[in-house]
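Single-letter residue listing:
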Amino acid sequence: VEIALIFMLAGSLALLAQLSVLVAGKLRLDRAAAFERRVRRAAEADIILLLADEADEPARRRFAAALPSDPRARAAVAALILDYLPRLRGSVRDGVRALFSEAGFAEDYRRMLASRRREDRRRAAGALGALGDVAAFGDIARLLRDDAPEVRLQALAALGALGSGDAVAPILGAFAAGLVPFGPAAMSLLRLGAPAAPHLQHALTDPSPRVRALAAQLLGHLEWLPAAPDLSSLLRDPAPDVRREAARSLAHFGLDESCEPLALAMEDADPRLRAAAARALGATGAPRAVPILRRALADADPDVALAAAAALDALGRDGRAALAAAADADPRAGACADPVRAAGPGDLPLGPFGRAAAREVLDRATLGALHVADPAEVTI
Amino acid sequence: MRHAIVTALVYYNVAVLLYFALATCAYLTLLITSAGEVMRQARDARHADYDLLLTSPLTPAVAIIAPAYNEGAGIAQSVRSLLALRYPNHEVIVVNDGSTDDTLDVLRREFALRRIDALYHPALPTRPVRGVYVSALEPTLTVVDKENGGKADALNCGVNVARAPLFSSIDADSLLEPDALLRLVKPFVDEPDRVVAAGGIVRIANDLAVERGSVTAVQLPRRPLPMFQVVEYLRAFLAGRAGWSALNSLLIISGAFALFRRDLVLAVGGYTVGCLGEDAELVTRLHRHLRERRRPYKMVFLSDPVCWTEAPESLRVLRRQRRRWHRGLAETLSRHRGMFLRPRYGSVGSLAYPYFLAVELLAPVVEATGYLTLPLAWRLGALDPRVALLLLALAIVYGLVLSLGALAIEEYRHHRYPTWRDLLRLCAYGVAENVGYHQLTVLWRLEGLLDLLRHSPTWGTMERRGLGAS
C-alpha cells in the first residue's frame, strides 16, 4: 500500500505538472501568436509601402527609425522581411536587403554566428544566407565544422544561397570529412549554379570516390559541357558509384562522341550502370546507338531492357522502327526465359524482357504516359 | 487449499505490481524521449527549405502504391488527391486486388484508362496480374488489375510495377496533406545512403471537412468512438513512435503512410503474404537484414507529414481491427523471435523487441488475468478494497499522464486542434477512456491472440462513411 501510495503521489504530481504545462503552454502560444500577428500587421503595411516605392533610401531610413526597440518585436519584423525575400527580385530585392542592413538586423545576425547557443548560430546562418550577405561568407564557411550537425546543415544551405564558387572547396572538404551528408551538400552545390562547375570539374580527380561521384552527378545537372570528356573517362573509374553517376550525367549532354565509351559501359556487370548508359545513348540521338540499344533489349535485367526500349524510342525514326520490329516479334520469343532468336530485324536475340519492354514503351508513348522514374534516373 | 490459493494470489499481485511499475517506467521514458525528438524535429522543420526540395532535380522519384479492394465509393477522390500532391516527381500505382465491386470500372471511367502491354516482372511473386492500365488523362497514373491475394500481395505487385527508387504505401481510403510526401522524403534526400524507411503520423479524419480530396478544416470527430481513437493515435505516435525513432528502433511504421527504399524491400523479399501485420513485419525484417549485415541505417518517424484516415465508428468494426492488429503484432514477434535480447540486433533486439513483447503484446493478458482474479480474491476474503481502488486509481493516473503528455506535445508542436474546447474534449476523453473503452480494447486484443492460437481465418472489410461525409 505504501509503495502504491508513493507511486500515486508521484503520478498525481506528474499529472498536475502536465496540466499546468499544457494550460500555460497553450496560453503562451496563443499570446505569442497574437503578439506576432500584431507586430506583423503593424510592420507589414510599412513594408508594402516601401516595396511600392522600391524601397528608396529616405523611406528605408524612416522605416528603420520607426522600428520597435523590444527584441521580440524586432525579431518578428526581421522574420517578416526574411519571409518576403525569396519572393522578390531585382531592385526591390536589393532595396529590402538594404533595409535589412540599415535596420541593424544583418549586424545582429553576424554577431549571432559566434553565439554559444547552437539555435542562434543556426538561425543566423539561415538569415544571412537568405539575405545574401556575402560579407559573412567566411564566418558561415567556418560553421561547416561546427560541433552541432544542425548548424553545419544550415551553414551548407546558407553557402548555397550565397552563390559563390568559392564555397565549393569548403563544402566538398566537409563532405569528404563526413561532416555533412550527401543530400544537403549536393543541394547546396547545385544551388551555387554555374560558378561551381569549374571547381566541381576539378573535383572529378579527387582521391575520394564519394567526392568524385558527387561532382560527376552535379556536373550533369549543371549541364557543364567542358566536363563531358572527363565524365566519359570516369566510365572506367574503379568505383561503381562513380561510373554510374558519370553515365547519368552524360545523358544530360547527349553528345555523339560519348557513344563509344557508353557502348563499353553497356558491357559492365552493374545493371544500374547499364540502364544509365542506355538512357545516355538514347539522349545522343545518334543513329549508331540503335544497334547497341537493340542488343540491350536482350539484357537479363528488366530495368535495363526497359531503359533500352525507352532510349530507342527517344532516338527518333530509326530507333522507333527497331522498337516496333521488336514489339512485333514472335510472341514466343518474348515469353521464353532464355535469350532466343527472334523474328526481329537482323535476327538479334530479344531475351526474356525485350519484346515486353518494347511493347510497353510503345503503348505508353502512344498515350503519353511514360514512367515518371526512368530506371536510369534512379538517384538513390 | 484456501491458504495455497491466497498465497498464490499474493505472489501474483506482487508480480503484477512489478510489471506495472516496469511498464510505467518504460512508457514514461518513451514519453520523455518522444518529447525531445518531436521538439528536435520541430527545430529542423523550421529551418528546412521545402520549396528548394520541390524544384531540385535531386529530389528522388516516388511511386505511391495504393492497394484497393472494393473501394469503388471513394477511389476516384483518393486517386485525385494522390495525383495532386505537392511533389515534383511521383507516380501513382493503384493495385486493384480482385475487387468484387466497381472499383476498376470507376477508375476506367474517371481516368480514361487504356490497357497496355506491360513488362511485368514478378521480382516478388504475386497472384496473377490480369492487366495493366495507364490513363489517357493523367500520365503518372498506372492501374494494375490482379487476382485477389490480400493487401501484402497487392503491395508486392505494386513494388514490382514501380520504377522509382522509393515507394510509399498508402491506404486507398486515406488522405495525405498536400506536402506530406515532400516532408516525408526529406530524410532520404538528406542522407540517401542511410535512411531506408520513414513513416508519417496518421490522424483520425472522421467529420473532417474535405473538398475535392483536400482537407479544408480540421475538427475533432463528433462521435465518441472516433474521439477515443484520436487520443489513442496521438499517444501512439507522439508519445511512442517518435521515441522509438530517436532510438532508431522503430518496429512499426504504419502501412497507411510509409516510405521505403524499393531496392531494399526487393532484397528482403517484399511484404509477407498471409501475415496480418505486414507493415510491422516488413520493418522488423528490414532491421534484421541490415543489422545482420552490419550496415549503418536509419528508420525514422516524422510527426508533421500527415495522413488522415477514417476510424471505425462501430464497436463491431473496431473490434475486428484491434483483433487484427494484435494478431499481426504477435505474428511479427513470433517470426522474428531470434532477435530477442540478441546483442547483434542492437537496440532493436535489446530494447524494442522486449518492450513490444512484454508491454504491448502481453499487457492484455496481464490486465485480463488481473480482472479475473478480482472476484476470486473477493470470495476468499483476500481482497482489500482500498488497495484495489488505489491500484485502479494508479493505473488511471498513469494512463492520464501518458495521454496528457501526448496532448502537450501535440499542442506545442502541431497545434492542430486550436480551440480550448478541443483541448478540453481531448482531456475529457483521455479520462473517460479508462472506464469501459480501455477494457474493451483489452478484451479485443486478447481475442486477437486467441485467433492466432486457433489459426482462425482472417476477416472482413472496413465499413466507411467516406471522408468528408457527415
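Rules used throughout
Numbering of residues begins from 1 in every chain and follows the order in which that chain's sequence is written. Both sets of labels track the order of writing: A upward for chains, 1 upward for ligands. In view of the model being predicted, local features appear only for residues whose pLDDT reaches at least 70, and side-chain atom pairs are presented and counted only at 80 or more, with totals across whole chains, interfaces and linings using the full set of residues. Only hydrogens and water are set aside when side-chain values are computed; all heavy atoms of the structure are taken into account. Where helices and strands are cited, they refer to DSSP runs of H or I of at least four residues and of E of at least two residues respectively, numbered from the N terminus. Between buried and exposed lies partly exposed: a residue is buried under 20% and exposed over 50% of the maximum accessible area for its type, with that area taken using a 1.4 Å probe on protein chains only. Counted as a polar contact is a pair of N or O atoms within 3.5 Å, where, for protein atoms, one must be capable of donating a hydrogen and the other of accepting one, and residues adjacent in sequence contribute only when both atoms are in side chains. What makes two residues a contact is simply this: any of their non-hydrogen atoms within 4.5 Å. Patch membership needs two things, relative accessible area over 30% and no salt bridge, and members are linked within 9 Å if like-charged or within 5 Å if nonpolar (Val, Leu, Ile, Met, Phe, Trp, Tyr). Areas reported as accessible are Shrake-Rupley estimates using a 1.4 Å probe. Residue values count occlusion only from the protein chains shown. Here, a salt bridge means any side-chain nitrogen of Lys or Arg that lies within 4 Å of a carboxyl oxygen of Asp or Glu. Values labelled buried area give the accessible surface lost by two parts on being combined, using a 1.4 Å probe and summing over both. Ten residues, namely Ala, Val, Leu, Ile, Met, Phe, Trp, Tyr, Cys and Pro, are considered nonpolar, four, namely Asp, Glu, Lys and Arg, are considered charged, and the remaining ones, Gly among them, are considered polar. We call a set of buried Ala, Val, Leu, Ile, Met, Phe, Trp, Tyr and Cys residues a nonpolar core when their side-chain atoms join them within 4.5 Å.

1. Quick look at the side chain of Arg413(B)
Residues and elements named next belong to chain B.
Turning to step 1, where the next piece is worked out: With respect to the element layout, Arg413 can be found in helix 13 (residues 385-413).
Turning to step 2, where the next piece is worked out: For Arg413, a relative accessible area of 17% gives the class buried.
Turning to step 3, where the next piece is worked out: A polar side-chain atom of Arg413 sits 3.3 Å from a polar atom in the side chain of Asp304.
Turning to step 4, where the next piece is worked out: Excluding residues within four positions of it along the chain, Arg413 makes contact with Val38, Gln41, Ala42, Ala45, Ser303 and Asp304.

2. So, a nonpolar patch on the surface
Residues and elements named next belong to chain A.
Turning to step 1, where the next piece is worked out: Together, Leu9, Leu13 and Leu16 line one region of the surface with nonpolar side chains, adding up to about 330 Å² of accessible area.
Turning to step 2, where the next piece is worked out: Mapping Leu16 onto the fold places it in helix 1 (residues 2-52).
Turning to step 3, where the next piece is worked out: Classification of Leu16 as exposed rests on a relative accessible area of 54%.

3. Describing the interface of chain B and chain A
Turning to step 1, where the next piece is worked out: Taken together, the 63 residues of chain B in the interface contact 58 residues of chain A.
Turning to step 2, where the next piece is worked out: Together, the buried faces of chain B and chain A total about 5,200 Å²; carbon and sulfur atoms form 70% of this surface.
Turning to step 3, where the next piece is worked out: Contact with chain A buries area across many residues of chain B, yet Leu58(B), Leu119(B) and Arg163(B) alone supply 15% of it, more than any other trio.
Turning to step 4, where the next piece is worked out: Across the contact surface, chain B and chain A share five salt bridges.
Turning to step 5, where the next piece is worked out: Asp303(A) is the salt-bridge partner of Arg163(B), the closest N and O atoms lying 3.6 Å from each other.
Turning to step 6, where the next piece is worked out: Counting across the chain B and chain A interface gives nine residue pairs in polar contact (both at pLDDT 80 or more).
Turning to step 7, where the next piece is worked out: Elements with a contribution of two residues or more to the side of chain B that touches chain A: helix 1 (2-47), helix 2 (50-55), strand 2 (90-97), strand 3 (113-116), strand 4 (129-135), helix 6 (180-190), helix 13 and helix 14 (420-432) of chain B.
Turning to step 8, where the next piece is worked out: With 15 residues, the single largest contributor to the side of chain B that touches chain A is helix 13 of chain B.
Turning to step 9, where the next piece is worked out: Looking at side-chain class alone, the side of chain B that touches chain A contains 38 nonpolar, 12 polar and 13 charged residues.

4. Digging into the nonpolar core
Turning to step 1, where the next piece is worked out: Of all hydrophobic cores here, the largest spans 268 residues; its most connected members are Leu231(A) and Phe260(B).
Turning to step 2, where the next piece is worked out: Not counting chain neighbours up to four residues away, the residues in contact with Leu231(A) comprise Leu204(A), Ala216(A), Leu219(A), Ala246(A), Ser249(A), Leu250(A) and Phe253(A).

5. Focus on helix 3 (residues 75-83) of chain B
All names here are of chain B.
Turning to step 1, where the next piece is worked out: Taken across its nine residues, helix 3 has seven buried, putting it largely inside the fold.
Turning to step 2, where the next piece is worked out: Listed in full, the buried residues belonging to helix 3 are Ile75, Ala76, Ser78, Val79, Ser81, Leu82 and Leu83.
Turning to step 3, where the next piece is worked out: Considering only its buried residues, helix 3 is in contact with strand 1 (62-68), strand 2, helix 4 (103-111), strand 5 (141-146), strand 6 (166-170) and strand 7 (175-176).

Remember, this is a structural readout, not a statement about activity or role.
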